[in-house]
Every structure is written in structure tokens, then in C-alpha cells.
Amino acid sequence: EKGKFKARSKVGKQAKARRGLLTHDPRTYGYRYREGTYRVEEAEALVYRRMVDMALSGMSPEAIARQLQAEGVPAPRGKKWYRATVRRILKNPAYTGTLYLNRYDAEGVKAARQRGRKAGSRIRPRESWIAVPVPPIIDRDTWEVLQERLREMKSGRRGGRVYHYPLSGLLRCGVCGAPLHGNAGRSRTGRVYRYYVCANAWERSNTDRARPVAKCSGGMHRADILEEAVWAKVRAWLEDPDALVRDVADDGAVQ
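Residues numbered from 1 in each chain as written. Predicted model: local features only at pLDDT ≥ 70, side-chain atom pairs only at ≥ 80, totals over all residues. Heavy atoms only, no water.

(A) Examining the overall build of the protein chain more closely. A tally of regular secondary structure across the protein chain gives 8 helices and 11 strands. Among the 255 residues that make up the protein chain, the fraction classed as buried is 31%. Sequence separation of at least 24 residues holds for 51% of the intrachain contacts in the protein chain that already meet a minimum separation of 6. (Helix = DSSP H or I, 4+ residues; strand = E, 2+ residues; numbered from the N terminus. Buried < 20%, exposed > 50% of the residue type's maximum accessible area, 1.4 Å probe, protein only. Contact = heavy atoms within 4.5 Å.)

(B) A look at the sheet that holds strand S10 (residues 192-198). Read from one edge to the other, the open sheet built from 3 strands follows the order S9-S10-S11, with strand pairing classed as antiparallel. Across the chains shown, the open sheet's two edge strands, defined by having one partner strand only, are strand S9 (180-186) and strand S11 (220-222). In this sheet, neighbouring strand axes are inclined to one another by 40 degrees on average, regardless of whether the strands run parallel or antiparallel. Note: S10 against S11, 3 bridges, orientation antiparallel. (Pairing = 2+ DSSP bridges. Axes fitted to C-alpha atoms, helices over the stretch in contact; angles between N-to-C directions.)

(C) Quick peek at a nonpolar patch on the surface. A cluster of nonpolar side chains, namely Trp-231, Val-234 and Leu-238, defines an oily patch on the protein surface of about 290 Å² accessible area. Residue position: Leu-238 is located in helix H7 (residues 223-239). (Patch = residues over 30% accessible without salt bridge, like charges linked within 9 Å, V, L, I, M, F, W, Y side chains within 5 Å. Areas by Shrake-Rupley, 256 points an atom, 1.4 Å probe, with all protein chains shown as cover. Salt bridge = Lys/Arg side-chain N within 4 Å of Asp/Glu carboxyl O.)

(D) Examining the side chain of Gln-147 more closely. Position of Gln-147 relative to the elements: it lies in helix H6 (residues 140-154). Engagement of the side chain of Gln-147 in a polar contact is seen with the backbone oxygen of Leu-90, the distance being 3.0 Å. (Polar contact = N/O pair within 3.5 Å; in protein donor to acceptor, adjacent residues only side chain to side chain.)

(E) Local environment of the pairing of S10. Where burial is concerned, most of S10 is hidden: 5 out of the 7 residues are buried. Across 7 bridges, the pairing between S9 and S10 is antiparallel. Following the sheet pairing, Ala-184 is matched in S10 by Arg-194. Once S9 ends, the chain turns through 5 residues before running back antiparallel as S10, passing Gly-190 with a positive phi of about 95 degrees.

(F) Region of interest: the environment of Pro-166. You can see Pro-166 is positioned in the loop between strand S8 (161-162) and S9. Among the residues examined, Pro-166 registers a relative accessible area of 46% and is labelled partly exposed. Residues within four places of Pro-166 in sequence aside, it is in contact with Tyr-196, Glu-227 and Trp-231.

(G) Focus on the packing of aromatic side chains. In total, this model carries 6 aromatic pairs according to the counting rule given. A ring pair is formed by Tyr-29 and Trp-81, whose centres lie 5.8 Å apart and whose planes are at 85 degrees; its orientation type is edge-to-face. One end of the pair, Tyr-29, is in the loop between helix H1 (2-18) and strand S1 (31-34); the other, Trp-81, is in the loop between helix H3 (61-70) and helix H4 (83-91), with 52 residues separating them in the sequence. Residue Tyr-29 is classed as buried on the basis of its relative accessible area of 8%. Each member of the aromatic cluster is reached from another via a ring pair, and the members are Tyr-31, Tyr-38, Tyr-48 and Tyr-95. (Phe/Tyr/Trp six-rings, centres within 6.5 Å; stacked < 30°, edge-to-face > 60°.)

(H) Representation of the packing of helix H2 (residues 42-56) against H4. Where H2 contacts H4, the axes come no closer than 11 Å and their chain directions differ by 100 degrees. Put simply, H2 runs roughly perpendicular to H4. Across the interface between the two elements, Tyr-48, Met-51, Val-52 and Ala-55 from H2 touch Val-86, Ile-89 and Leu-90 from H4. Grouping the amino acids of the contact of H2 with H4 by side-chain chemistry returns 7 nonpolar, no polar and no charged. (Parallel < 35°, antiparallel > 145°, perpendicular 65-115°, else oblique. Nonpolar A, V, L, I, M, F, W, Y, C, P; charged D, E, K, R; others polar.)

(I) Here's a closer look at the side chain of Glu-227. Position of Glu-227 relative to the elements: it lies in helix H7. Among the polar contacts made by the side chain of Glu-227, one reaches the side chain of Arg-194 at a distance of 2.8 Å. A polar contact is formed between the side chain of Glu-227 and the side chain of Tyr-196, at a distance of 2.6 Å. Setting aside anything within four residues of it in sequence, one finds Glu-227 in contact with His-164, Tyr-165, Pro-166, Leu-167, Arg-194 and Tyr-196.

(J) Spatial organisation of H6. The terminal C-alpha atoms of H6, which comprises 15 residues, lie 21 Å apart, in line with the 21 Å expected from a rise of 1.5 Å per residue. Those residues of H6 that sit buried are Trp-143, Leu-146, Gln-147, Leu-150 and Met-153. Buried residues of H6, seen end-on, are gathered within an arc of 120 degrees and therefore sit on one face of the element. Exposed side of H6, more than 90 degrees from the buried face: Asp-141 and Val-145 are the residues found there. With a side-chain oxygen lying 3.2 Å from the backbone nitrogen of Asp-141, the N-terminal cap of H6 falls on Asp-139. (Expected span 1.5 Å × (residues − 1). Arc of directions from axis to C-beta.)

(K) Examining the packing of H4 against H6 more closely. As a packed pair, H4 and H6 sit with axes 10 Å apart at the nearest point and diverge in direction by 145 degrees. Residue-level inspection shows Arg-87, Leu-90 and Lys-91 of H4 in contact with H6, the latter providing Trp-143, Leu-146, Gln-147, Leu-150 and Lys-154. Broken down by class, the residue content of the contact of H4 with H6 amounts to 4 nonpolar, 1 polar and 3 charged.

As C-alpha cells, this is what we get:
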């Protein structure tokens with residue numbers, strides 16, 4: 001009976017979405033939910049447009065978060081603006097007038113987390129998404145230019161110089177299992193070093209949707225050393241393809 005109720009509820013929500021109505025409140029910054037529709041929250045919309053202007057002028061999401069925090073602008077949830085919060089908002093296509101429902105598949109995620117396992121939602125094939133019109137806050141062309149600027153920033157642009165991190169998001173922390181991301185640091189002598197840092201290296205404050213994550217002790221890792229180790233392994237596999245088969249057979253995954 002529980003399964004039947006869940007299936008009927010899902011079908012009903014999808015039918016409602018195809019009629020152009022929201023099935024729930026996605027809690028999108030700049031909007032307020034009311035009876036299946038969104039209306040623009042003008043005060044937050046002004047902040048969003050300012051965030052867009054700052055990003056287009058060259059400010060990074062981290063710098064934008066610091067600026068908003070310094071000015072006392074209320075954060076979407078919690079008491080502080082974070083780089084990830086700013087980036088998530090700026091990458092959301094809903095502000096161009098279309099919000100997609102049925103985009104994520106969270107089946108089994110809650111049960112897995114209750115058992116202490118790491119789990120996250122999976123993105124469904126695009127043909128399964130249901131487009132629901134919402135009031136636009138910026139035009140599509142501006143949003144596309146914004147996305148290109150964000151991609152440039154993510155590639156490692158710092159003060160006119162670009163630092164590349166080809167293994168960013170591919171490496172995993174040996175302590176907590178979180179992905180490693182690229183970051184540049186400067187020594188006392190002024191020399192710049194590239195590092196890979198655990199995503200959980202810094203503690204996140206509690207919000208309505210996220211539990212605090214303890215600071216990971218995995219530390220920072222020299223990018224040149226890690227990259228050379230990975231390329232050496234790849235070169236060894238290219239020279240001896242059977243070695244890759246043996247590694248997978250021995251460990252069940254490439255180490």
C-alpha cells in the first residue's frame with residue numbers, strides 16, 4: 001500500500017508539473033512560493049542582479065560572498081554567505097525563466113544516509129526533466145555570458161594568471177573520501193605553489209539542509225607531485241596494458 005501511494009503521488013506531481021505548476025517549494029533565492037507558482041522577491045532579486053554584475057566584472061564567488069557578508073546582506077539560509085552558495089545561485093538556470101522539476105533522482109538516498117553511507121542524488125536524463133515557467137530575473141544571453149565567466153574562474157584564474165588543476169574533483173581524500181580540489185598558495189618568498197585540498201578541509205556551519213562537517217585532517221598536497229604520480233601510473237599502463245587488468249582484478253578498482 002505504501003508503494004502504491006508513493007507511485008500515485010509521483011504520477012500526480014508529474015501531471016501537475018506538466019500543467020506548468022510547481023509541485024513543491026524548491027526554495028530558490030529571489031523567489032517566493034505560493035500555491036504552485038513563484039513570484040519574484042524584489043529585494044532578493046536586486047541582490048541577485050548585483051551578484052551577476054560583480055561576477056561579470058571579474059569578482060570570484062568567494063570574493064562576492066565576502067562582500068555580501070561584510071555588508072550584512074542576509075544569506076539565503078543560515079547566518080553566512082559561502083562561495084559554494086554564491087556559485088550555486090549564479091549557476092541556476094531558473095533565473096532565465098525556466099525551472100526544471102524531476103531533474104534529480106533521490107531514490108534510496110535517505111535510507112543510505114541513515115545507515116551511515118555517503119549518498120547523493122543522481123541527475124536523470126534530460127528528456128525526463130519537466131520545464132515549469134517562472135518569472136525571469138535576467139535574460140538568457142546574460143546568463144550564458146555569466147556561465148562562461150564562471151568556467152574561466154573555476155579553471156584557476158587568479159590575478160590575471162591561470163593555474164590548471166587537471167585532477168580537480170577526480171582525486172579523493174585518503175582520510176574522509178571527499179574530492180580534492182585545486183588551490184594556489186604563495187610562500188613567504190613570493191613563490192606560488194599549486195595544491196590539491198580536501199573539500200572537507202574547512203568546517204561548514206549548520207544550515208537547514210546541511211549538517212556540519214568536521215574539519216578533515218587530510219591536509220594540502222603538492223599538485224606537481226600528485227600529478228606526476230598519476231601520469232607515471234598512466235604511462236605504465238600504456239606501456240603494459242595487462243598491468244591495468246591486473247590492478248583492477250587485484251583491488252576491484254584502480255588504485
